[in-house]
Amino acid sequence: APMLRTRRSDDRNLALRAWDSLMRLGSVLVGPRHTAWKLAALLALAGIVFVSTYQTTYRVGAEAVIEPAVRRVVSAPIEGAIARIKEGLEPGTEVREGEVLVQLDDQEWVLRRADAQSRYEQAVLQASEARRENDAGKAEQYMAQARRSEAEMRLYDHQIERAQIKAPIAGKVLSGKLEDRIGATVRVGDPLLEIAPLDTMVVLARVDERDIGLVAAAHERGRGTGRLATRSRPTEAFEFRVERIVPLAEAREGTNTFEVRATLLETAPWMQPGMEGRAKFDTERHSLLWIGTRRIADAVRLWLW
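Residues numbered from 1 in each chain as written. Predicted model: local features only at pLDDT ≥ 70, side-chain atom pairs only at ≥ 80, totals over all residues. Heavy atoms only, no water.

Novice: Before we go on, may I ask you to explain the confidence of the model for the protein in this structure?
Specialist: Low-pLDDT portions of the prediction should not be read for the details of their coordinates. Averaged over every residue, the pLDDT of the protein is 85; the share at 70 or more is 96%. Of all the helices and strands in the protein, helix H2 (residues 14-30) carries the lowest mean pLDDT, 71, while strand E11 (residues 225-230) carries the highest, 92. (pLDDT = per-residue confidence, 0-100. Helix = DSSP H or I, 4+ residues; strand = E, 2+ residues; numbered from the N terminus.)

Novice: Looking at this structure, I do not really get the packing of aromatic side chains. What am I missing?
Specialist: Each pair of aromatic rings is reported with the distance of its centres and the angle of its planes. Evaluation of the coordinates by the stated rule reveals 5 aromatic pairs. When the centroid spacing of 5.6 Å and the interplanar angle of 85° are considered together, the rings of tyrosine 58 and tryptophan 290 count as edge-to-face. Remark: tryptophan 290 occurs in helix H7 (residues 288-304) and tyrosine 58 occurs in strand E1 (residues 55-68); sequence separation between them is 232 residues. Under the relative-accessibility criterion, tyrosine 58 is labelled buried at 12%. In this structure tryptophan 290 comes out as partly exposed when scored by relative accessible area, which is 31%. Here phenylalanine 240 and phenylalanine 281 contribute two aromatic rings whose centre-to-centre distance is 5.3 Å and whose plane-to-plane angle is 70°, an arrangement assigned as edge-to-face. Here phenylalanine 281 lies in strand E14 (residues 276-287) and phenylalanine 240 lies in strand E12 (residues 237-252), a separation of 41 residues in the sequence. Classification of phenylalanine 240 by relative accessible area gives buried; the value is 0%. (Phe/Tyr/Trp six-rings, centres within 6.5 Å; stacked < 30°, edge-to-face > 60°. Buried < 20%, exposed > 50% of the residue type's maximum accessible area, 1.4 Å probe, protein only.)

Novice: Sorry if this is basic, but what is going on with the sheet that holds strand E2 (residues 72-75) here?
Specialist: Think of a sheet as strands paired side by side through backbone hydrogen bonds, with each pair either parallel or antiparallel. An order of E2-E9-E7-E4 is seen for the 4 strands of this open sheet, with the pairing classed as antiparallel. Each of the sheet's edge strands pairs with one partner strand only, and the pair in question is E2 and strand E4 (94-95). Here E4 runs beside strand E7 (residues 171-175); their pairing, made up of 2 bridges, is antiparallel. Bridging from a neighbouring strand, valine 95 pairs with glycine 171 of E7. (Pairing = 2+ DSSP bridges.)

Novice: How do you make sense of the side chain of threonine 230 when you look at a structure like this?
Specialist: Within the secondary structure, threonine 230 is located in strand E11. Within the local environment of threonine 230, its side chain forms a polar contact with the side chain of serine 232, the two groups lying 3.3 Å apart. Reaching out from threonine 230, the side chain makes a polar contact with the backbone nitrogen of arginine 233 at a distance of 3.2 Å. Discounting chain neighbours no more than four positions away, the residues touching threonine 230 are Ile66, Glu236, Trp270, Glu276 and Gly277. (Polar contact = N/O pair within 3.5 Å; in protein donor to acceptor, adjacent residues only side chain to side chain. Contact = heavy atoms within 4.5 Å.)

Novice: Can you help me understand the layout of surface pockets in this one?
Specialist: Approximately 470 Å³ is the volume attributed to the largest pocket. Listed by contribution, the elements that provide at least two residues to the lining of the largest pocket are E1, strand E10 (201-208), strand E13 (255-264) and E14. (1 Å grid on protein atoms, 1.4 Å probe; cavity = no way out; pocket = protein on both sides within 12 Å on 5 of 7 lines; lining within 4 Å. Points joined across faces, edges and corners; volume = space filled by probe spheres on them.)

Novice: Sorry if this is basic, but what is going on with the packing of helix H4 (residues 107-132) against helix H5 (residues 136-162) here?
Specialist: Remark: H4 packs on H5, axes separated minimally by 8 Å, with the N-to-C direction vectors making an angle of 160°. Comparing the axis directions of H4 and H5 gives the class roughly antiparallel. Taken as a pair, H4 and H5 cross one another with a handedness that is left-handed. (Axes fitted to C-alpha atoms, helices over the stretch in contact; angles between N-to-C directions. Parallel < 35°, antiparallel > 145°, perpendicular 65-115°, else oblique. Left-handed = near helix turned anticlockwise from the far one by under 90°.)

Novice: Explain H4 here, please?
Specialist: Note that an α-helix has 3.6 residues per turn; residues three or four places apart therefore point the same way. Its 26 residues place the ends of H4 38 Å apart at the C-alpha level, agreeing with the 38 Å of an ideal helix rising 1.5 Å per residue. Residues Trp109, Ala116, Ala123, Ala127 and Ala130 constitute the buried set of H4. Immediately downstream of H4, the backbone of asparagine 134 shows phi near 60°, a positive value. (Expected span 1.5 Å × (residues − 1).)

Novice: I tried to follow the pairing of E10 on my own but got confused; where do I start?
Specialist: Note on strand geometry: in a regular strand, side chains alternate between the two faces of the sheet. Among the 8 residues that make up E10, 8 are buried, leaving the element largely enclosed by the rest of the structure. When E1 meets E10, the two strands line up antiparallel, connected through 6 bridges. Residue pairing for E10: valine 65 is matched across the bridge by leucine 204. Strand direction decides the pairing type here: E10 and E13, joined by 7 bridges, are antiparallel.

Novice: Sorry if this is basic, but what is going on with empty space enclosed by the protein here?
Specialist: It is the rolling of a water-molecule-sized probe over the atoms that shows where space remains empty. Under the criterion given, the structure shown has 1 cavity of 30 Å³ or more. In this structure, the largest cavity occupies an estimated 30 Å³ of space. Every residue lining the largest cavity is listed: Val215, Ala218, Arg223, Gly224, Thr225, Val242, Phe281, Asp282 and Thr283. Looking at the lining of the largest cavity, the elements with two or more residues in it are helix H6 (212-220) and E14. Examining the composition of the lining of the largest cavity, we find that 3 residues originate from one element, E14, more than from any other. Along the lines of polarity and charge, the residues of the lining of the largest cavity split into 4 nonpolar, 3 polar and 2 charged. (Nonpolar A, V, L, I, M, F, W, Y, C, P; charged D, E, K, R; others polar.)

Novice: What am I meant to see in the pattern of salt bridges here?
Specialist: Proximity of charged atoms lets side chains of opposite charge pair with each other. Counted by the stated rule, this structure contains 24 salt bridges. Taking the shortest distance from any N to any O, the salt bridge between aspartate 157 and arginine 113 comes out at 2.3 Å. Placement of the pair is aspartate 157 in helix H5 and arginine 113 in helix H4, with a sequence separation of 44 residues. On the basis of relative accessible area, aspartate 157 is assigned to the partly exposed category, the value being 31%. With a relative accessible area of 22%, arginine 113 lands in the partly exposed category. Across the salt bridge formed by glutamate 250 and arginine 206, the nearest N and O atoms sit 3.0 Å from each other. (Salt bridge = Lys/Arg side-chain N within 4 Å of Asp/Glu carboxyl O.)

Shown next as structure tokens:
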């Protein structure tokens, strides 16, 4: 009987024989034998389908540091010795805009102004006497001297005003300890203090050159957003918006990175300049399979090219 059954099966056409083979294969796949292996294969197939079809936002990670949006360096406008400083002036001190922070020694300019004022008053008096004597020539000569003395007075007033170094903006002193420099001479342009308001903070991130294209594309489309988590409080994330991408690569630790500047949309009182963290930039939506194999695929494409 088995031999006759085999001969009978071989005598049929190819389509019927293929159908019988398909049925036998189906019985193996859905039959009760090897259930564990079949279940594992089914789960693996479902996982492959899921990672191939499910899409999410691809987030590019980069090391970042928090910095104030605006900072000003207070330098010496004139040469002179530091006479006194604002009481309690040290890093961390809050200052107001226009507040006198450092007073340079201005005695020389005060004396020169007093001398110029004396010459001015004397020239005006002499010009008045010349007019009473109807001597117009001498009166004009004395008035010219008075105008020169007046110009010198304005110059000395300007120098005296510049000797008072004021805060250009309101904020907090970030650096500059001047208590030990009282009496020391400073030159024009010497940095004394650094001031920055801490109500607006920015994120400076170093994005790898392999990811900068994705960040730039999202920024051009108006979707340059992301979130920052600091090392001090990694459980708290703060949203930011990309403002500018510096188009110049910088080599760091064997890789080229680009500086990306972003503004924090929300801040916390504990945030301080110089805090480091991890920034994640939102880019396009892709499948999990694309996200997981992107670096490998790019490396293979570059190698094949």
